[in-house]
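Below are the chains, spelled out letter by letter.
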Amino acid sequence: MLTLKWKSLIGTEDEFSLEQRIFHGFCLITALVLLICFPSNFLIGLDILGYLLVVVLCFLLTLYYFSRFKRKSKLLLPIYICFTYTTLVIGYSLNCGIDGPMILVFGITFLILAAIIEEKNLVFWMLFHLFVAFTLLYLEYNYPDLIYVIYDKKSFRFFDIALTLSILLLTILFTIKYLKINYNKQLLVSNKKNEELHQANATKDKLFSIISHDLRSPFNALIGLSQLLKESSADLTDSEKEEFVDGIYETSKKTYSLLQNLLEWSLSQTNEIQFLPEKINLKAFLSDALLLSFQVAKSKEIGIQITIPDDATITADKNMLETVLRNIISNAIKFTAAKGKISISSSSDAAGVTLSIADNGIGMSEATVASLFSKSNLTTQQELVHDRGLGLGLLLCKDFIERHDGKIWAESRKGIGSTFFIFIKK
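Everything in this summary refers to the structure shown in the same document. All values reported here derive from a predicted model rather than from experimental measurement. (Residues numbered from 1 in each chain as written. Predicted model: local features only at pLDDT ≥ 70, side-chain atom pairs only at ≥ 80, totals over all residues. Heavy atoms only, no water.)

### Topic: the overall build of the chain
Here comes step 1: Tallying secondary structure elements over the chain gives 13 helices and seven strands in all.
Here comes step 2: Relative to its 426 residues, the chain shows a buried fraction of 41%.
Here comes step 3: Within the chain, contacts between residues separated by at least 24 positions form 71% of all contacts whose residues are at least 6 apart in sequence.
Here comes step 4: Of the roughly 24500 Å² of accessible surface on the chain, a fraction of 62% belongs to carbon and sulfur atoms. (Helix = DSSP H or I, 4+ residues; strand = E, 2+ residues; numbered from the N terminus. Buried < 20%, exposed > 50% of the residue type's maximum accessible area, 1.4 Å probe, protein only. Contact = heavy atoms within 4.5 Å. Areas by Shrake-Rupley, 256 points an atom, 1.4 Å probe, with all protein chains shown as cover.)

In structure tokens:
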């Protein structure tokens, strides 16, 4: 709760730069310190310095207001710097010079400046800071009457220095802690971006591997089969020609499916696919979206049974959901023998709708099921050697379902069949 309140006071990362947020933090911390300090100056007889600190307090809060809420940071920084040095010079003169605590304030002042000014100007401001401090020391040494010493008691001087030192250390503690928190936060963001970049590069490499291997192989087959038909057509029997045509058709179909997945995957990774959810009648949608899949299943004598209520609805992006179902049904058909069966059903509760696609095909091992939706499965597994690019299709399914704030998973037993589940929140 306290962290959230502090963030609202200094501004968020989206609103202000790190230097601006640090400036806001310093204004608030310094204002708090001055609020504690100025009453003590009246107690030890430093009335003029006490009034000066009240003016500084009001000025800092004004700077904070215009920077945080009026977004005038660029104009306020030079004003803040000028006012800071003016305060240092006057405070040094009014508060006993080198015998007072103001010389200590020079250190913390530069720490604040170093945190809010640009790095390229740091050396200049350090030299200027030293120049101001050395000039005051020189003037006090040669013209001691310029210093207005007003400690009524010797004990007041020790009390003033002790109080100032304590407050300075406390300010440094808050400053270093704040800087470390921001540094660690920026480090986490940087590490996360590096990890995402690493994963993106790994995915890109695997995609290129799929393109170079999984696309080249079917095209070689297409070229080989069509070349045989062209050169040896007169010597081939009708059954052989039919076999070649079937081979060309099946290879073309698989290649097109892979190309479609590759295109949709690349678009999804570049966020060029818009997510447009709408209310859908589930049964009618399945009948339209999977019409081609039903025809393919019929040609293999595979029965597809849909057990979904006529009034069942779901809120989803039609194109994404169609891609997901097309991939899963296509895989179910490929791994189900002739005269097999595929069942599509749905169930709903207060949380959302769950679709299940079950087949009585060859099934998968536990290891394969565990890696189905992992990026490590982009390359073809030995167990799934007959289906080039299956890993990419399922990874695309996972991406699209997660955009619905949903979940996709599978259960399978080798030799018995597989069931894929799709859950989408209401």
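### Remarks on the packing of aromatic side chains
Here comes step 1: Enumeration according to the criterion identifies 12 aromatic pairs in this entry.
Here comes step 2: Relative to Phe69, the ring of Tyr64 has its centre 6.0 Å away and its plane inclined at 85°; by these criteria the two rings are edge-to-face.
Here comes step 3: Judged by its relative accessible area of 8%, Tyr64 is buried.
Here comes step 4: A relative accessible area of 48% means that Phe69 is categorised as partly exposed.
Here comes step 5: With a centroid separation of 5.2 Å and 15° between ring planes, the pair formed by Trp409 and Phe421 is classed as stacked. (Phe/Tyr/Trp six-rings, centres within 6.5 Å; stacked < 30°, edge-to-face > 60°.)

### A closer look at the side chain of Thr354
Here comes step 1: Relative to the helices and strands, Thr354 is located in strand S5 (residues 352-359).
Here comes step 2: The contact partners of Thr354, leaving out residues within four places of it in the chain, are Ser345, Ser346, Ser347, Trp409, Phe421, Ile422 and Phe423.

### Regarding unusual backbone geometry
Here comes step 1: Residues other than glycine seldom take positive phi values, yet Glu301 does so here, at roughly 60°.
Here comes step 2: Counting through the fold element by element, Glu301 comes out in the loop between helix H10 (291-299) and strand S2 (303-307).
Here comes step 3: Judged by relative accessible area, Glu301 falls into the partly exposed class, the value being 46%.
Here comes step 4: Positive phi is not limited to glycine here, since Asp405 has a value of about 60°.
Here comes step 5: By the secondary structure assignment, Asp405 is in the loop between helix H13 (390-403) and strand S6 (407-413).

### A closer look at the sheet that holds S6
Here comes step 1: Read across the open sheet, the five strands follow the order S2-S4-S5-S7-S6; overall the sheet is mixed. The sheet is open, and its two borders are formed by S2 and S6, each paired with just one other strand. Adjacent strand axes in the sheet meet at a mean angle of 15°, parallel and antiparallel pairs treated alike.
Here comes step 2: As paired strands, S5 and strand S7 (residues 417-425) are joined by eight bridges and run antiparallel to one another. The partner of Asp359 across the bridge, within S7, is Ser418. (Pairing = 2+ DSSP bridges. Axes fitted to C-alpha atoms, helices over the stretch in contact; angles between N-to-C directions.)

### Re the nonpolar core
Here comes step 1: Tyr80, Ile81, Tyr85 and Ile116 are the most contacted members of the largest nonpolar core, which totals 50 residues.
Here comes step 2: Put simply, the parts of the chain that give this core at least two residues each are helix H2 (18-43), helix H3 (47-68), helix H4 (73-94), helix H5 (102-116), helix H6 (122-142) and helix H7 (154-232).
Here comes step 3: Examining the composition of this core, we find that 11 residues originate from one element, H2, more than from any other.
Here comes step 4: In this structure Tyr80 touches Phe23, Leu60, Leu63, Ile112, Leu113 and Ile116, once residues within four positions along its chain are discounted.
Here comes step 5: One finds Ala297, Ile308, Ile314 and Leu325 within the second-largest nonpolar core, a separate group that totals 41 residues. (Core = buried A, V, L, I, M, F, W, Y, C linked by side-chain atoms within 4.5 Å.)

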